[in-house]
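A closer look at the structure
Chain by chain, the residues run as shown.
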Amino acid sequence: MVRFFGVSKTYPGGVRALEGISFSINKGEFVFVTGPSGAGKTTLLKLIILAERPDRGEILLDGVNITRLPRSRIPYLRRKVGFVFQDFKLVRDRTVFENVALPLEIAGFPLKRMRRRIEQALRLVGINPGLFGQFPQRLSGGEQQRVAIARALVSNPPLIIADEPTGNLDPDLTLEVMDLFEKINLAGTTLIVATHDTSIVSRYRKRTLVLQKGRLVADESP
Amino acid sequence: MRALRDLRKVRKGPYLFGLATIGMAFSLFSLFLLSVENLQRMLSLWQRGVEIVCYLEPGLDGSQIEEVLEAIRGTEGIAELHYLPPEKVKEQFLREMEGLLDGLEPLQEELFPPTVEVKLQSPLSLEGLRSLAQRLKAIQGVRDVQYGGSWLKRALDLMEFLKASTWAVGAVLFCVTLLISANTLKLVFYERKEEIEILRLMGATEGFIRTPFVIEGAIQGLLGALLALLLAGVLFGLIEGKMPPWLVPYLPEVRFLSVRSTLMLLGLGILSGILGGLLSCLEQGQ
């Protein structure tokens, strides 16, 4: 599903974020990317959706070399990937329902089928139908993250990536969200979760890529 | 639909300020257009009423005068003519000069040439009038022909100048409204920066992101132009009601903007909004 071949990335000012990273993630896998702050986890995820371009190396997504993908094709690449952020990134002046509808609107999904699909996604992540018409700021952190997950999976992408998805949540909500990811993965979606929380990594026992100072120092399977 | 929904979410302050400024800029343009249209209408009315006056040689007898009148009548473009013998010309002169000059009654009638007032079949251009006057002057027995050529030329030149000014002022106002539109929409763009980033991360194309801004620009431009028409209408009503009576005979048909100009103004409003929207998107994209 995702392949990195000797990928390096240095930010302007000479900040080296990644150095010679190579790995391969198969379809249906659940992979943690871990390491301390500044290890390059976020950069690695950004490279997958081409929010950043690598300086060296090649990246394959679903068999397609995306390294030199033209700018005009990037939106179509991103539609294949669901993204979950630490700060949820929900649009404040759109309701829960409208937020989840965004990926479908962008993909030009027929309006008639949209409603059912959105309701299914929201139910799957455990959002009460009473909250569908609410604005995100009225929801708790856990609810907001579940809405963000519903938005990531509503268009049924083959890959979901999550950047510190539990960083703003308390321990109970963290487990709720991680259980949800596991459920989604069991349904066949490939998942890459970046986290610095070692307790989650050890609890869920999944394949783990360990980054340190931009280098891949371990690729551990349970 | 998305643009209309987004429009409801726009912060009202900067949007209304932009709208008011566009409205003011376009109302200046519409008032200028209104003046030019009315001046043009007035000039065309005067042109339609242009009368050519032929002064005949003095001392022509009855049959000679009849021959001259026949020749004038036979000239192309003449609708009707009215012959005034010297005594009638003197009478008319004294009537027109009444109150201005006294003691003219003893003037000899022979001093006043027999005159023919000629009405045209249809309004002629300045060139057409000049050519007709030359043909009339060539008729034997006609000493001089007057048609107010120099006056008409000056009026037409003024009209041409005003027309050119309309477009120059229009171009400047159009650029101003364009920049106002672009700046207002830039503020809107900035306010929704986070939302736009999210949309981009979810795979929205630039077209998907920009279309609502362009539609919003078009709506803003249209509303601005409508506001301008409203302002111009109110001002027109006030001015029309306070027109001094002595001006009424010269401006018998003062009207508000024609349908063509109104549609043009609305079209320019929409166009300025669309261009403003595109300009703001372009700046943000960079």
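Look a little higher up for the structure.
Residues numbered from 1 in each chain as written. Chains lettered and ligands numbered in written order. Predicted model: local features only at pLDDT ≥ 70, side-chain atom pairs only at ≥ 80, totals over all residues.

It is worth spelling out the overall build of chain A at this point. Within chain A, the regular secondary structure consists of seven helices and 10 strands. The burial tally for chain A puts 42% of its 222 residues in the buried class. Looking at chain A alone, contacts between residues at least 24 apart form 70% of all its contacts between residues at least 6 apart. (Helix = DSSP H or I, 4+ residues; strand = E, 2+ residues; numbered from the N terminus. Buried ≥ 20, exposed ≤ 12 C-beta atoms within 10 Å, placed from the backbone. Contact = placed C-beta atoms within 7 Å.)

A few words on the environment of Val50(B). Relative to the helices and strands, Val50(B) is located in the loop between helix 2 (12-48) and strand 1 (51-56). Contacts of Val50(B), omitting those with residues within four sequence positions, involve Leu120(B), Leu129(B), Tyr147(B) and Gly148(B).

Residue and element names in this part refer to chain A. Strand order in the open sheet made by the six strands is 6-7-8-3-9-10, with mixed pairing throughout. At either end of the open sheet lies a strand with only one pairing partner, and these are strand 6 (81-84) and strand 10 (215-220). On average, adjacent strands in this sheet sit at an angle of 15° to one another, irrespective of strand direction. Summarising the sheet, strand 9 (residues 207-212) and strand 10 pair through five bridges and their orientation is antiparallel. Of the residues in strand 10, the one forming a bridge with Leu 209 is Asp 219. (Pairing = 2+ DSSP bridges. Axes fitted to C-alpha atoms, helices over the stretch in contact; angles between N-to-C directions.)

On to unusual backbone geometry. With the exception of glycine, the majority of residues adopt a negative phi angle, and the majority of peptide bonds are in the trans configuration. Residue and element names in this part refer to chain A. At Leu 50, a residue that is not glycine, the phi angle is positive and equals roughly 55°. For Leu 50, the location among the structural elements is in the loop between helix 1 (41-48) and strand 4 (56-61). When the 20 C-beta atoms within 10 Å are taken as the criterion, Leu 50 is described as buried. Positioned with a positive phi, Asp 62 is a non-glycine residue whose angle comes to about 50°. Within the element layout of this structure, Asp 62 appears in the loop between strand 4 and strand 5 (64-65). The exposure class assigned to Asp 62 is partly exposed, which follows from the 15 C-beta atoms found within 10 Å.

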